[in-house]
Structures are given as structure tokens and as C-alpha cells.
Amino acid sequence: MHWGQTPLLSRADELPNQSGFCDLLSPADADELLSRRGLRTPFLRVAQDGLLVPAARYTGGGGAGAEITDQVLDERILDLYAGGATLVLQGLHRIWPALIDFTRELGLAVGQPLQVNAYLTPAGSQGFATHYDTHDVFVLQVDGAKHWRIHPPVLPAPLERQPWGGRADEVSATATGQPILDVLLAPGDALYLPRGWLHSAKAQERSSLHLTVGVRALTRYTLVEELLALAAEEPRLRATLPFGIDVSDPEAVKPELTETVEVLRDWLRCVDPAVLAARLRQRAWPAARPAPLYPLAQTAALGALSPDRRVTLRPGLRWQLTSAGERVTLRVFDRTIILPQMCAPALRALLSGEVSRVGDLPGLADNTDRVTLVRRLLREAVVVPAQGSCPNRPDGGAADDPTLPPPTGSAGQGQEEPRRQQSGEHHHGHRARAEHRVLPVGENLRRDQADQRAEQGHYQRQHRHPDRQVPAVPVAGSPGDDAQGVRDQRTAETADSQQRIGGPGQLTGLTGTGQEVPHRGQHRQGIPGGAVDRTGGPAHSAARRPKPTA
């Protein structure tokens, strides 16, 4: 058993990709980020002798036209790095294309939000003292070699609110003992560290570059936090304590504690799992963004849309579809879109990847309705042009375009309720490549977790294998009508269709600049059949950025 339990070392010759991890981020790529990309804090941190270097020592103004004061200055980075400092490139899953794709794909495979940092350590240097992280980590050695010493936890499975600094003495004392694992990582090697395991790492005769893929796993304590938030709706739990009670007296507190526990126990038995799941969705989904999209190409696709055009679900977009009465509700990570019930068959076909050609969408009266619905979904960034269908790109959308579906996989992950959710059917969108890159590490961890669940009597789903081929979304494009032809089709029928479905620009709350005014915690009722909520859930839904591992 390794997942969440013990470290796991995988050597390069045990992993499928014999070329290592340089295609994700090479030393030359790191130099590019540090010198030519206008990098700003907090995307870079610098550590030396176990302490963080103040940002003022390596940042400043960017020159004419870029007078911001926190841009990374390459001359100062050179001085610090040559003097033995470790450079920590943070949040690479948001700024470096190869890692944006890798992280999204792997995150969908493991079902957890991920983050990626890079550590560049000069020869013979050690950036951080022995410590532990509050999230699981995959260490991918890219270049050079690093000596790792792993010790057992002083606090098993720590939460984010339980960093190692509060137990510094225990950590230091444990680090003096015999390590559980004493290993030299070479290029192409991978190491899995569960949260809480103590570790330190030191570069050897030459400089080292490694990536850390942090797994921001939700815990049972996450459920407790959300349950406590829901418990505020129970009147008995909001009752005032007795007048004059001395809360410092255990005997006075004891009967109140007993009654509160009883009330809480009764309330917990009645909690609706659907309500809890909705809160967890609002917390988890915004932490893992879908694939980037091209605003200019997306806008051009809006103007050139016709029944012959093809679209696909935005890769990595998690979705949930529910029907109630005359409305169908589509929930994604940052908004809720309400449409007429007549759109439900078309939405199911499009979201599941069964249909990509606009004119083939089922359940709608005519092509005018189909075009109007797809235009709405393009404007809401739910779908993107399929391969070969980007009107303002010379290649029409290249095969390796991160916003377009891969030839071996469907486009997204989601749930449809009640039919699909009750049956356990989910749509998973990822390229097997990302999952494949960390095998057998990831496969061993998933297998261990599955075995553990089987022992507990609730093994519910099959192992996912990297070589499993998911039916691809059709990608053959068609030139369709040009923009002028589309404009000629916008007759009274189009206006009528937009009134029923909700065309772009008709959403309530759109300002003159095209920005929507948010209304937290409520749906925004717009035109008949149209509503949108862009709040993305409560303020705490965005994942906090943790401090990087060594």
C-alpha cells in the first residue's frame, strides 16, 4: 500500500518514457522563463541556507512601458544562483504550456486538483532544511542528480492548517535519526511522497532540476468543514447558551456539550448527500481549470458558425447536467447556465461527444435553434471549435492544439443527473499520455488504493489503464458558410430562437464592456430560458497555494 501511506521510488528504466521529463520543462526552458517571459512574483521564490530570500533582492521595474516593480531581474537571479541559492518556479501549471496540458490531463486521471513547481539547485547546494508538506507530491527528476533523505512523519496526514513550522523541534529531532529512504535521484527517476513524510534534498556534483507535482487531495476533514457550514441552518444548533454560564467551568459546559452532540447527531442523520456534494463541487472544481482557449479564435468561430461547423466540449471542463420541469441546468466550474428543456437532448449529445456537427444535434426544431444553442455555448466557453474548424487560424486548429480534443480521447469529464449520475456514468476527458508518464508510479498507487477499497467492501469502479482507448470525437471539419452567409441567415427566425434559447449578449447583467456583474450565491435570471451564475461558489472555493516542497 503506497497511496497516502508510504513513499514509492520508480527508476527511469521502470517508467515507459525512457527520455525522462525534459519535454515538460528543460533547463533551457527554465532559462527562458527567467529571462524573456517577464516573470513576476509569486511565480518565483528564492531560497538560500534554508531561508527565503526577500523578493526585493531579485525583482524590480521592467523598464519603459513596464514600470511594475515586481518583475524578476535576470542579472540578480544570476548573482543569487551562482552564489548557491535555489530557484523555485511556482505555479507552472498556469504559465508553461507543456505543464498546463500535463497537469490538466493527469488531474483528470487522478480526480484531484494538481499544482506544479520546479526547483533549480546549484551544485552541492540544499535549498530547504528537512520539512514535510501538507499535500502529496510526485518528484520528477529532470536534470542532474539530487540526494534525498526521507524520514517518517511526526504528524501523519497533516492538513493544510498544520504546517511543519509548528512542529519544528520534532522535525529536527526525527531528521537526526536513520532515514527510511536514502536515495540518489537521477534524470528520469520519480519519487512519490505522501503528505507528512519528512524529506530533504541536496544537489550533487552538478546543478539539479526537478519538478514537484503536488496533489491537492480532499480529505474527510473537508467533509467535516462543509458539514459544519451546513449545520448553521439547524435552529437548535444556533441556540444561545444559558444565561450566566461560566464557559471556563467544565462542569457547567458538560450538559451543554452533551445536548449539542445529541442534536448534531440527529441532524447528521438527515443530511442530504446531494446538498453536501454541491458544496464540495463548488470547492473542488474551481481548483482545476479546464484547457486554455483562444479568445480571438473563439470569437471568430461565433461569427462563422453554421450547421456544418463542428465543435467539441472544452477539454478538461467538468460539467453536471440536471433537468427539472421546463428547464435544464448546466453547471461548470465557474457558472450555472439555465436553458429550456428542449435543449436537453442536444446538450447531452454534445457534452458526451456523441455529436460534434452543429446540424446533427438532436431534439431541436431546426438549424436556427441548433446554431443559437451552440453560439451560446461558445460564448460561455463550454465548447470550442473542433480540429480543422478554427476560422482565423492558418492551420484551422492544429492537432496538438491544447484547446482541441486529442485523437484518442473524449473532451471532458462530467456528470449528467439524474440518469447518468444515478447509474454512476461519468465522462472523463484526458489524454492517456499524462497518466502514462508517471506509470508505474501512478498505476501502483491506484492499484494499492483499489485493493484497500476492496478490503473495505466498497470497491466500486475499475482500474483505469493508460492504454485504454476512449472513442474519439469526430474531428473532420467542413468549411460551411462564410461569415457573410451566416449574417444573411440571421432573420426573424434567428431572433425568435435567441429569445427562446438565449443568444450571446442577451444575458442579464452584461455591461457595455462585455463584463458580467457577479451576483454571489444566486442564479441570474435572464431572458426566457436563459440564466447564468459566474460566481463559482463560495469565496473559499479557490485552492490556496501551498509552500513548495524541497
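Up top you'll find the structure we're talking about.
These numbers were taken from a predicted model, which means no experiment stands behind them.

A.B. asks: What should I look at first to understand the sheet that holds strand E3 (residues 51-52) in this one?
C.D. replies: Remark on secondary structure: sheet strands pair via backbone hydrogen bonds, oriented parallel or antiparallel. Taking strand neighbours across the sheet as the criterion, the 8 strands line up as E1-E11-E8-E13-E7-E6-E2-E3 in an open arrangement whose pairing is antiparallel. Because the sheet does not close on itself, it has two edges, and the strands there are strand E1 (8-10) and E3. Pairing of strand E8 (residues 136-143) with strand E11 (residues 190-193) involves 4 bridges; the strand directions are antiparallel. Directly across from Val139, in E11, lies its bridge partner Leu191. Of the strands in this sheet, strand E7 (114-121), E8 and strand E13 (208-215) touch helix H4 (residues 97-110), which is tilted by about 130 degrees from E7.

A.B. asks: So what exactly am I meant to see when it comes to the environment of Ala190 here?
C.D. replies: As for its placement among the helices and strands, Ala190 is situated in strand E11. Taking the C-alpha atoms as reference, Ala190 lies 8.4 Å from Leu8; in sequence the two are 182 residues apart.

A.B. asks: Before we go on, may I ask you to explain a nonpolar patch on the surface in this structure?
C.D. replies: A contiguous nonpolar patch, built from Tyr221, Val224 and Leu228 and spanning about 260 Å² of accessible area, is present on the exposed surface. Tracing the chain through its elements places Leu228 in helix H6 (residues 220-231).

A.B. asks: Would you mind going over the pattern of salt bridges with me for this structure?
C.D. replies: Two side chains that carry opposite charge are able to pair once their charged atoms sit near each other. The final tally for this structure, using the stated rule, is 19 salt bridges. Taking the shortest distance from any N to any O, the salt bridge between Arg283 and Glu226 comes out at 2.8 Å. Residue Arg283 is located in helix H8 (residues 273-284), and its partner Glu226 is located in helix H6; the two are separated by 57 residues in the primary sequence. Residue Glu226 is classed as buried on the basis of its relative accessible area, which comes to 2%. A salt bridge links Glu380 to Arg376; the shortest N-O distance between them is 3.5 Å. The exposure class of Glu380 is buried, given its relative accessible area of 2%. Using a relative accessible area of 1% as the deciding quantity, one classes Arg376 as buried. Each of Arg161, Glu225, Glu226, Arg279 and Arg283 takes part in one network of salt bridges that share partners.

A.B. asks: I would appreciate a short explanation of the sheet that holds strand E12 (residues 198-203) in the present structure.
C.D. replies: The strand order E10-E9-E12 describes an open sheet built from 3 strands, whose pairing is antiparallel. Two strands bound the open sheet, and with one partner strand each, they are strand E10 (181-185) and E12. Geometrically, the sheet is characterised by an average inter-axis angle of 15 degrees between neighbouring strands, direction not taken into account.

A.B. asks: Explanation requested: the packing of aromatic side chains in the structure shown.
C.D. replies: Two aromatic rings, taken as a pair, are described by how far apart their centres are and by the angle between their planes. On inspection of all chains with the given rule, the structure shows 2 aromatic pairs. Measuring from centroid to centroid gives 5.6 Å for Trp3 and Tyr192, while their planes differ by 20 degrees, and the two rings are stacked. Residue Trp3 is located in the segment before E1, and its partner Tyr192 is located in strand E11; the two are separated by 189 residues in the primary sequence. When the ring of Phe138 is compared with that of Tyr192, the centres are 5.3 Å apart and the planes differ by 40 degrees; the resulting orientation is tilted. A residue pair is termed long-range when its members are at least 10 positions apart, and Phe138 in strand E8 and Tyr192 in strand E11 qualify at 54 residues. Accessibility classification places Phe138 together with Tyr192 in one group, the buried group. Among the aromatic residues, ring-to-ring pairing joins Trp3, Phe138 and Tyr192 into one connected group. Sitting above the plane of the Trp285 ring, Arg281 keeps its charged end 5.7 Å from the centroid.

A.B. asks: Got a minute to help me understand the side chain of Arg45 in this structure?
C.D. replies: Turning to its location among the elements, Arg45 is positioned in strand E2 (residues 44-48). Buried Arg45, no salt bridge; nearest opposite-charge side chain is Asp133, N-O distance 8.2 Å. Within the structure, Arg45 has its side chain in polar contact with the side chain of Gln90 (distance 3.1 Å).

Scoring rules and cut-offs
Residues numbered from 1 in each chain as written. Predicted model: local features only at pLDDT ≥ 70, side-chain atom pairs only at ≥ 80, totals over all residues. Heavy atoms only, no water. Pairing = 2+ DSSP bridges. Helix = DSSP H or I, 4+ residues; strand = E, 2+ residues; numbered from the N terminus. Contact = heavy atoms within 4.5 Å. Axes fitted to C-alpha atoms, helices over the stretch in contact; angles between N-to-C directions. Patch = residues over 30% accessible without salt bridge, like charges linked within 9 Å, V, L, I, M, F, W, Y side chains within 5 Å. Areas by Shrake-Rupley, 256 points an atom, 1.4 Å probe, with all protein chains shown as cover. Salt bridge = Lys/Arg side-chain N within 4 Å of Asp/Glu carboxyl O. Buried < 20%, exposed > 50% of the residue type's maximum accessible area, 1.4 Å probe, protein only. Phe/Tyr/Trp six-rings, centres within 6.5 Å; stacked < 30°, edge-to-face > 60°. Lys NZ or Arg CZ within 6 Å of the ring centre and 35° of its normal. Lys, Arg positive; Asp, Glu negative; His and termini not counted. Polar contact = N/O pair within 3.5 Å; in protein donor to acceptor, adjacent residues only side chain to side chain.

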